[in-house]
Amino acid sequence: MGDDQAPVRSEPEPKPPLVARRPPLAASYNDRMRPLLNVIERLRNLMVMEEGVHLPTIVVVGDQSSGKSSVLESLAGVNLPRGQGICTRVPLIMQLQENPQADRPQLYLEFNGKVVPTDEDNIAKAINDATDEIAGHGKGVSNTPLTLVIEKPGIPDLTMIDLPGMTRVPVHGQPENIYEQISEIIMEYIRPEESIILNVLSATVDFSTCESIRMSQMVDKTGRRTLAVVTKADKAPEGLLEKVTADDVNIGLGYVCVRNRIGAETYEEARLEEAKLFDTHPLLCKIEKSIVGVPVLAQKLTQIQATMMAKYLPEIVTKINDKLDTNIAELERMPKNLSSVEDAMMAFMEIMGSAKESLRKFLLRGEIDEFLDEKDMPCVKMMHSYRRFNNDEKDMPCTARLVQMLNQYYDELRNWTEYNQTTNFLLEETEVLEKAKGIGLPDVPPQTAFLTLLQRKVKEISSQLPSLVVRVWDCIEGVVIQALMRHSENYPQLQSSMRRAASSLIKKMKGKTMNRMMKIIEMEKLTDYTCNPEYLLERNKLMNQQDHFFNRYRNYSSVQLEGLGAVDTTHLWYHDQQLIRLAFHLKMRMTPYWKIVMRRFVDMVALHLRFSVQNLVNKEMEKEIRCELSGPGIIKRMMEEKPEMVEKRKKLNKNVKLLRESAEVVAQFMNRIATDGDYDR
């Protein structure tokens, strides 16, 4: 090169964008956190959050026009949709992934089960088009998320969710309840303890009046998981230092003041202008450098994200495993998927066997503990009430109600008898004796008189019998149907047939019980007999009071008799004494015998019911139901699953698959930690 030649100067190499020149600490975090971040993102892609497993997430909130989109643009280095009103109408999940080796940025959208590639020039339009597809054209919002993946050099490894900005007044084209809709979406994302709230505030407003601050304070009162980004610092520098140092609104993770890109500035130019602003502005330069600038924001978010992920990973593992176990257990509890007549028959036999065993325990053996956890059984509520000593008949278990019905029936018979014993004493007996007069010894009551009295009393029993039989079998029917319904709850068509068969059978059993009881009634009318020694003992005790009664009955209006009480005698003063003696003799025979008849009859009712219930459970019920379902292929058709059960099985299988994949993702990461050494948090 000659001396007269000017030295050739090479063009200076362009400096990388300022956001790419991250401090070493941030780079270190990115290098170490990338594997864990990949795990979290894979779990997110598997939609594990739909199973109630919350993932550490940076949730970006802010009032409308607070500068949320500009902050995200500065972090991602791409242009997002802008405009008047609500720009973000769906939750936008932004996954930023640094890739220094990438020849060019890789951008794509994921929504509605599809992947749509795009580029930096068309990203805003692609987001708008996807939003329209999800939320519809117009200005409405939707809670269906849209994922934007950005892979390029010089960006921090972050995952953030941008939510619609708060607005109270609906504009043209928005629903009247737009505020409530947006509030519901925001609360759903910021409520979980794992969420990091990035609250974007404009320096031009009073922080305490911001709706986004009010909402974040509702779920994070101390602000321990809230970080604030103050935008538009250049437009309202006065008092900004005091705002971020006083912290009147509880921002536990601190503030970062930024200046976003303005107009046609490149991101490189915007960062240079930002640095210049906070270095030279007479007011803003007083703010500590540790809380100003987009690079500082990127570093803080990366550090906070790393801490939260490391903190909650063990809990995430536990939740995934618990959810997996729960779904598997629920799937195993579901009935088998019936694919053939043989499968249907086997399932039907299992249902009948289970129902019969439940009824044996409950109705025959009196075992109630099995049912205490069955919340769907009305009889369980009755048992709980019964155990609290509730005397209401409707709140008792069936077996207790049956005993109560029989005891009540016996008490009614006894009370009626006792009333007739003391009121109009011997009146009925004298009337019967007058009609039964015949040839015979004058001091011996005719046998026909005793049988006449007996038949009258037995007739009184039979008049009250039908209502008892109906109440008893209605109680049994309720328990039988409940047991059948509980064990066949997954097969509504089968339930209908089983209910019909059970009701038909109970109707027959009612008729059989009534016929049986009427035969017993007829037998009791035919003759008077007992081998019970109590009869003679009580009769003799009553007859021993004969002299006492006849010495007093004409002189007093009532006479006290042991075993009977005070009996009225005024109506006997004008009757023949010999007739009264015969009536007294008849009464003292009938009184102990009738007690035996009443007990014998109620005992026979109880024994017959016990036998009938046992026969019903062990033989008649299954036979009746089989008869109802007789015919080729009927059981198979009756045992088709209801649509909601088909959907439930499909959902459970999907959940199990998802959770197993999620558990495998986490297990691979944990194995890597175990192989490579302790994970440095």
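No experiment lies behind these values; they were computed from the predicted model shown.

J.: Tell me what's going on with the overall build of the chain, and back it up with residues and numbers.
T.: When helices and strands are counted, the chain shows 19 helices and 11 strands. Evaluated residue by residue, the chain yields a buried proportion of 48% over its 681 residues. In the chain, of all internal contacts separated by at least 6 residues, the share reaching a separation of at least 24 is 77%. Accessible area for the chain stands at about 34400 Å²; split by element, carbon and sulfur atoms hold 52% of it.

J.: Could you give me a rundown of the environment of E120, with the residues and numbers involved?
T.: By the secondary structure assignment, E120 is in the loop between β4 (114-118) and α3 (123-135). When sequence neighbours within four positions are dropped, the list of residues in contact with E120 reads G77, V78, P105, L107 and K152. At a separation of 2.9 Å, a polar atom in the side chain of E120 contacts the side chain of K152.

J.: Help me get a handle on helix α2 (residues 68-76), residues and values and all.
T.: The buried fraction of α2 amounts to nine of the nine residues, a majority that puts the element mostly inside the structure. Where α2 ends, the next residue or the one after it, G77, has phi of about 70°, a positive value.

J.: Go over the packing of helix α9 (residues 341-364) against helix α17 (residues 577-628) with me, naming the residues and quoting the values.
T.: Close contact between α9 and α17 brings their axes to 11 Å; oriented N to C, the two are set at 165°. Looking at the two axes, α9 sits roughly antiparallel to α17. In this structure, the crossing between α9 and α17 has a hand that is right-handed. In this structure, α9 contributes F348, M349, M352, K356, L359, R360, L363 and L364 to the contact, and α17 contributes R610, V613, Q614, V617, N618, M621, E622, I625 and R626. Of the residues that constitute the contact of α9 with α17, the class distribution is 10 nonpolar, two polar and five charged.

J.: I'd love a proper account of the sheet that holds strand β7 (residues 195-202), names of residues and values included.
T.: Ordered by their spatial adjacency, nine strands build an open sheet running β4-β3-β5-β2-β6-β1-β7-β8-β9, and the pairing between neighbours is mixed. With partners counted over all chains shown, the strands left at the sheet margins are β4 and β9 (255-257), one partner each. Geometrically, the sheet is characterised by an average inter-axis angle of 25° between neighbouring strands, direction not taken into account. Pairing geometry for strand β2 (residues 92-98) and strand β6 (residues 158-162), over five bridges, is antiparallel. When the sheet's bridge partners are listed, M94 is paired in β6 with M160.

J.: If you had to explain the environment of R191 to someone new, which residues and values would you point to?
T.: As for its position among the elements, R191 is in the loop between α4 (178-190) and β7. Spatially, the C-alpha atom of R191 lies 9.6 Å from that of M215, the residues being 24 residues apart in sequence. When residues no more than four places from it in sequence are discounted, the contact partners of R191 are V219 and R225.

J.: Break down unusual backbone geometry for me, citing the residues and quoting the values.
T.: Excluding glycine, a negative phi dihedral is what most residues carry, and trans is how most peptide bonds are arranged. Look at K232: it is not a glycine, yet its phi comes out positive at around 55°. Counting through the fold element by element, K232 comes out in the loop between β8 (226-231) and α6 (240-246). A relative accessible area of 26% means that K232 is categorised as partly exposed. A positive phi angle, near 70°, is found at L426, a position not held by glycine. L426 gets classed as buried once you look at its relative accessible area, which sits at 0%.

J.: Explain the pattern of salt bridges to me, and be specific about the residues and the numbers.
T.: Here the structure, examined in full by the defined rule, presents 33 salt bridges. In this structure, R89 engages D132 in a salt bridge whose closest nitrogen and oxygen atoms are separated by 2.7 Å. With a gap of 43 residues between them, R89 in the loop between α2 and β2 and D132 in helix α3 connect regions that are remote in the sequence. Judged by its relative accessible area of 6%, R89 is buried. In this structure, E315 engages K319 in a salt bridge whose closest nitrogen and oxygen atoms are separated by 3.4 Å. One end of the pair, E315, and the other, K319, are both in helix α8 (residues 294-333), four residues apart, so they sit about a helical turn from each other. Looking at E315, the relative accessible area reads 35%, which means it is partly exposed.

Each value, and the rule that gives it
- Residues numbered from 1 in each chain as written.
- Predicted model: local features only at pLDDT ≥ 70, side-chain atom pairs only at ≥ 80, totals over all residues.
- Heavy atoms only, no water.
- Helix = DSSP H or I, 4+ residues; strand = E, 2+ residues; numbered from the N terminus.
- Buried < 20%, exposed > 50% of the residue type's maximum accessible area, 1.4 Å probe, protein only.
- Contact = heavy atoms within 4.5 Å.
- Areas by Shrake-Rupley, 256 points an atom, 1.4 Å probe, with all protein chains shown as cover.
- Polar contact = N/O pair within 3.5 Å; in protein donor to acceptor, adjacent residues only side chain to side chain.
- Axes fitted to C-alpha atoms, helices over the stretch in contact; angles between N-to-C directions.
- Parallel < 35°, antiparallel > 145°, perpendicular 65-115°, else oblique.
- Left-handed = near helix turned anticlockwise from the far one by under 90°.
- Nonpolar A, V, L, I, M, F, W, Y, C, P; charged D, E, K, R; others polar.
- Pairing = 2+ DSSP bridges.
- Salt bridge = Lys/Arg side-chain N within 4 Å of Asp/Glu carboxyl O.

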